[in-house]
Amino acid sequence: MSDLRKEIEKRRTFAIISHPDAGKTTLTEKFLLYGGAINLAGSVKGKATARHAVSDWMEIEKQRGISVTSSVLQFNYAGKCVNILDTPGHQDFSEDTYRTLMAADSAVMVIDASKGVEAQTRKLFKVCVMRHIPIFTFINKMDRDANDTFELLDDIENELGIATYPVNWPIGSGKEFKGVYDRHTRKVMTFADTLKGTKEGSEKIIDIDDPALIDEIGEEKKSILDDEIELLDGASAEFDMELVTKGELSPVFFGSALTNFGVETFLQHFLKMTYAPMARKSDIGMIDPFQEDFSAFVFKIQANMNKNHRDRIAFMRICSGKFTAGMEVFHVQLSQPQQMMADERKMVEEAYAGDIIGIFDPGIFSIGDTLTTAKDKFQFEGIPTFAPEHFARVRLIDSMKRKQFVKGVTQIAQEGAIQIFQEYKGGMEEIIVGVVGVLQFDVLRFRLENEYNVEIRLENLPYEHIRWIENKDEVDVDALTGTSDMKKVIDMKGNPLLLFVNAWSVGMTLDRNEGLVLSEFSKN
C-alpha cells in the first residue's frame, strides 16, 4: 500500500488558463524543458517555421496559433510528477476549459503584463472561481513594457473578485527589466536576456541590503524598489495558505516565459504550495484517492488525433487507486491506454490517482462517464453542459457525401465541441448546430473539410435561448402551445428541447402550458 500512497502523493495536476497570446503555450514548454521532457522549446512566434509549439496539435491550431482543444502533458521535477492540462484561451471555448478544470486540482492563470485581465479571459477565470480550486497567477512578458504593477494586481482583484499576494516583485519592465525581488528570502534575482529556448540564463542572486545590488540595478531602480516594498508590506494581504487552498487568495509571480526568467522559481513555489490529489465527490460520498480501487471519469473526447488513423481518444482523470494497462474496469475493458505528448504517442503501462490517461475509444464513452473497479458502484458528479448561445442550420453541399457528413458531425458533437439537434419529428436531413461561441462554427466547417472531406453551408438562425423539457414523459410535447418564435427540436439522445428567439417567450410558454418544467442545463 505504501508504494501506492507514495506515487499518488507525488502527483500534482493543474490546468493553465490564459488569454490567447499571453504566453501560455510558451510557459508550458518551459516547464517541460525544466522537467527534461523536451529538449528545445519551440518558439510559438514563427508560425512559418516548421517547429510549432509542442502542445498545439490540431491542424487548425497549427494554422491559427491558438489552442482550440486541451492537451495533456506530463513531466517529473524535484521528485514530483506534474500533469499539465493546457486549455484553449478563447472564451468561445469556455466549455472545454470548464471540463478540463473539472479534471485539475489547481489552476495557473497567465496574464500579459502589458494588458492585465482581458475581456475573454474574464469568463474563463470566472469558471475557475466557480470550481473553488487554488489559483496561481503568473504575470508574463515582463521583458516587454508592462502596466504599473499595483494596477495589475488591482485589476485581478476587481475583475475576478479574488485577493492577491505577490510572492515576488518586478524591478522595471521592457528594456529596463532588471529582475524580481523575492519577498520571503529578501533577495533579488537579476535578469539578463538569455539564449531563448535553453535552460541556462545568467541570473545572479543578491541580498536586498548588499551594496552590490546598486551596481546591478542602478540607484534609481533601488530607491523605487525600496518604496514599493514598503508600500507592499503595509498594504497587501497577509499570506494565508488556507485561503489559497479555497481559491480565495492567489499567489502572484512575475517573469518572462520567452526568455525563461522567473519560470523555475514559479514552478518551485507552486509545487510547495499545492497538494497531492484530494478526495472527489460522488453519489455515495467522497472518494478517497488512496483507496485501492481504481476510479476515473471522462472529461474529454477527441477524434482524429492521428491523421493516419481515424481514431478517437477518451481522456480521463484518475481519481483513486492505480491503473495498469489492460485492466478490466466496470463500464469498459480498456484495450489500449496511451499517454499523450501531442503527436508522438507512447503507451502507458501504469498511472495513478491524479494522472490523466487517454484511452482508445471505439465510440462507447461519453463526457462525464465514470469507470471503476470498486464493488460498490458509484458515479462522480456530472459535468454540466453549457447552454449554446448561437445556432445555425447545417446544409451539405454534395449530397453524395451524406454518410461522411453524418459521421463527422456526430463525432465532433460527441467530443462536446458542438451540440447537434434535429427538427422535431424530422430526420438527419436538416441538422441544427448549437455552439457556446461563434468561433466553434469555423472549427466545425474546417474540421469537416479537413478530416472528413465534406463541405457544408451554415445558415445562421435567430434563436438565442434553449430549454430542455425536464418532465417530457408527463407533458404531450406535440400539443404544447408555444410562441411564434419557438421551435421544437430533439437532441442526440432523443430528448425534446425548445429554442426561442426572445427571452420573454420562455415565460410565456410556461404560462400557457400548465405543469411544463424547463431547464437551462443538461448534466452529462
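Residues numbered from 1 in each chain as written. Predicted model: local features only at pLDDT ≥ 70, side-chain atom pairs only at ≥ 80, totals over all residues. Heavy atoms only, no water.

**Notes on the sheet that holds strand β8 (residues 179–182)**
Inference 1: Across the sheet, four strands lie side by side as β7-β8-β9-β10; this open sheet has antiparallel pairing. Of all the strands in the sheet, just β7 (168–171) and β10 (205–207) have a single pairing partner and so form its edges. Neighbour-to-neighbour, the strand axes of the sheet open up by a mean angle of 25°, direction not taken into account.
Inference 2: Bridge analysis of strand β9 (residues 187–190) against β10 gives three bridges, and the strand direction is antiparallel. Note that in β10 the partner of V188 across the bridge is I206. (Pairing = 2+ DSSP bridges. Helix = DSSP H or I, 4+ residues; strand = E, 2+ residues; numbered from the N terminus. Axes fitted to C-alpha atoms, helices over the stretch in contact; angles between N-to-C directions.)

**A short note on the confidence of the model for the protein**
Inference 1: Of the residues in the protein, 81% have a pLDDT of 70 or more, and the chain-wide mean is 79.
Inference 2: Predicted confidence is poor over residues 38–52, with pLDDT under 50, and the contacts of this stretch with residues over four places away or in other chains come to 28 contacts.
Inference 3: A low-confidence stretch, residues 332–345 (pLDDT under 50), is modelled with 56 contacts involving residues beyond four sequence positions or located in other chains. (pLDDT = per-residue confidence, 0-100. Contact = heavy atoms within 4.5 Å.)

**Quick look at unusual backbone geometry**
It is generally the case that most residues other than glycine have a negative phi and that most peptide bonds are trans.
Inference 1: For K141, which is not glycine, the phi torsion reads 65° and is therefore positive.
Inference 2: With respect to the secondary-structure elements, K141 resides in the loop between β5 (135–140) and α6 (149–160).
Inference 3: Non-glycine residue R186 carries a positive phi angle of around 60°.
Inference 4: Along the chain, the position of R186 falls in the loop between β8 and β9.
Inference 5: On the accessibility criterion, R186 (39% relative accessible area) is partly exposed. (Buried < 20%, exposed > 50% of the residue type's maximum accessible area, 1.4 Å probe, protein only.)

**Let's talk about the sheet that holds strand β27 (residues 431–435)**
Inference 1: As summarised here, the arrangement of the eight strands in space is β28-β25-β27-β26-β30-β31-β29-β32, forming an open sheet in which the pairing is antiparallel. The sheet is open, and its two edges are formed by β28 (456–461) and β32 (518–519), each paired on a single side.
Inference 2: Judged from the three bridges that link them, strand β26 (residues 419–423) and strand β30 (residues 486–491) form a sheet pairing that is antiparallel. Paired with Q422 across the strands is I490, a residue of β30.
Inference 3: Across the face of the sheet, helix α12 (residues 439–452) comes into contact with β25 (390–396), β27 and β28 while running at roughly 160° to β28.

**What about helix α8 (residues 219–235)?**
Inference 1: For α8, spanning 17 residues, the distance from its first C-alpha to its last is 24 Å, which sits close to the expected 24 Å at 1.5 Å a residue.
Inference 2: Those residues of α8 that sit buried are K221, K222, L225, E228, I229 and L232. Along α8, the residues classed as buried sweep out an arc of 130° about the axis, all on the same side. Along α8, exposed side chains directed more than 90 degrees from the buried face belong to E219, E220, D227, E230, G234 and A235.
Inference 3: On its buried face, α8 sits against α6, β6 (163–166), β7, β8, β9 and α7 (212–217). (Expected span 1.5 Å × (residues − 1). Arc of directions from axis to C-beta.)

**Describing the packing of helix α2 (residues 24–34) against helix α10 (residues 263–273)**
Helix-helix packing is described using two parameters, namely the angle between the two axes and the distance between the axes.
Inference 1: Where α2 meets α10, the axes come as close as 10 Å, and the angle between the chain directions of the two elements is 75°. One element, α2, and the other, α10, form an angle in the roughly perpendicular class. Residues L27, K30, F31 and Y34 of α2 pack against V263, E264, F266 and L267 of α10.
Inference 2: Residue composition of the contact of α2 with α10, grouped by class: six nonpolar, no polar and two charged. (Parallel < 35°, antiparallel > 145°, perpendicular 65-115°, else oblique. Nonpolar A, V, L, I, M, F, W, Y, C, P; charged D, E, K, R; others polar.)

**Notes on the environment of N147**
Inference 1: Note that N147 resides in the loop between β5 and α6.
Inference 2: The exposure class of N147 is partly exposed, given its relative accessible area of 33%.
Inference 3: Taking C-alpha positions, N147 is 6.1 Å from A113, a pair spaced 34 residues apart along the chain.

**Topic: α2**
Inference 1: Within α2, 11 of the 11 residues are buried, which leaves the element mostly enclosed by the surrounding structure.
Inference 2: The complete set of buried residues in α2 reads K24, T25, T26, L27, T28, E29, K30, F31, L32, L33 and Y34.

**What about a negative patch on the surface?**
Inference 1: Taken together, D148, E151, D154 and E157 make up a surface patch of like negative charges.
Inference 2: Checked against the element boundaries, D154 lands in helix α6.
Inference 3: For D154, a relative accessible area of 44% translates into the label partly exposed. (Patch = residues over 30% accessible without salt bridge, like charges linked within 9 Å, V, L, I, M, F, W, Y side chains within 5 Å. Areas by Shrake-Rupley, 256 points an atom, 1.4 Å probe, with all protein chains shown as cover. Salt bridge = Lys/Arg side-chain N within 4 Å of Asp/Glu carboxyl O. Lys, Arg positive; Asp, Glu negative; His and termini not counted. Charge placed at Lys NZ, Arg CZ, Asp CG, Glu CD.)

**Some thoughts on the nonpolar core**
Inference 1: If you look at the biggest cluster of nonpolar residues, it comprises 76 residues, and the most contacted ones within it are I139 and M316.
Inference 2: Element by element, the count of residues in this core is highest for strand β15 (residues 312–320), at six residues.
Inference 3: Excluding residues that lie within four positions of it along the chain, M316 makes contacts with A296, F297, V298, F299, D355, I356, I357, I359, F365 and L371.
Inference 4: Residues V82, V110, L271 and M273 belong to the second largest nonpolar core, which totals 28 residues. (Core = buried A, V, L, I, M, F, W, Y, C linked by side-chain atoms within 4.5 Å.)

**Considering the packing of aromatic side chains**
Inference 1: Across all of its chains, the model carries 16 aromatic pairs by this definition.
Inference 2: Seen from their ring centres, F14 and F270 are 4.6 Å apart, and the 65° between their planes marks the pair as edge-to-face. Of this pair, F14 sits in strand β1 (residues 11–18) while F270 sits in helix α10, and the two are 256 residues apart along the sequence. Accessibility classification places F14 together with F270 in one group, the buried group.
Inference 3: Both rings, one in F253 and one in F266, keep their centres 4.8 Å apart while their planes meet at 75°; by these two values the pair is edge-to-face. Within this pair, whereas F253 is found in strand β11 (residues 249–254), its partner F266 is found in helix α10, the two being separated by 13 residues in sequence.
Inference 4: Judged by relative accessible area, F253 falls into the buried class, the value being 1%. (Phe/Tyr/Trp six-rings, centres within 6.5 Å; stacked < 30°, edge-to-face > 60°.)

**Concerning the pairing of β25**
The two faces of a sheet get side chains in turn, since along a regular strand they alternate between them.
Inference 1: Pairing of β25 with β27, which is carried by five bridges, proceeds in the antiparallel orientation. In the strand pairing of β27, V394 is matched with I431.
Inference 2: In this structure, β25 lies alongside β28, joined through six bridges in antiparallel fashion. Following the sheet pairing, R395 is matched in β28 by R457.

**What about the packing of helix α11 (residues 402–414) against α12?**
Inference 1: Running from amino to carboxyl end, α11 crosses α12 at an angle of 125°, the nearest separation of the two axes being 10 Å. By the angle class used here, α11 and α12 are oblique. The hand of the α11/α12 crossing is right-handed. Taken together, the residues of α12 that come into contact with α11 (itself represented by Q404, G408, V409, Q411 and I412) are L444, R447, L448 and Y452.
Inference 2: Split by residue class, the contact of α11 with α12 holds five nonpolar, three polar and one charged. (Left-handed = near helix turned anticlockwise from the far one by under 90°.)

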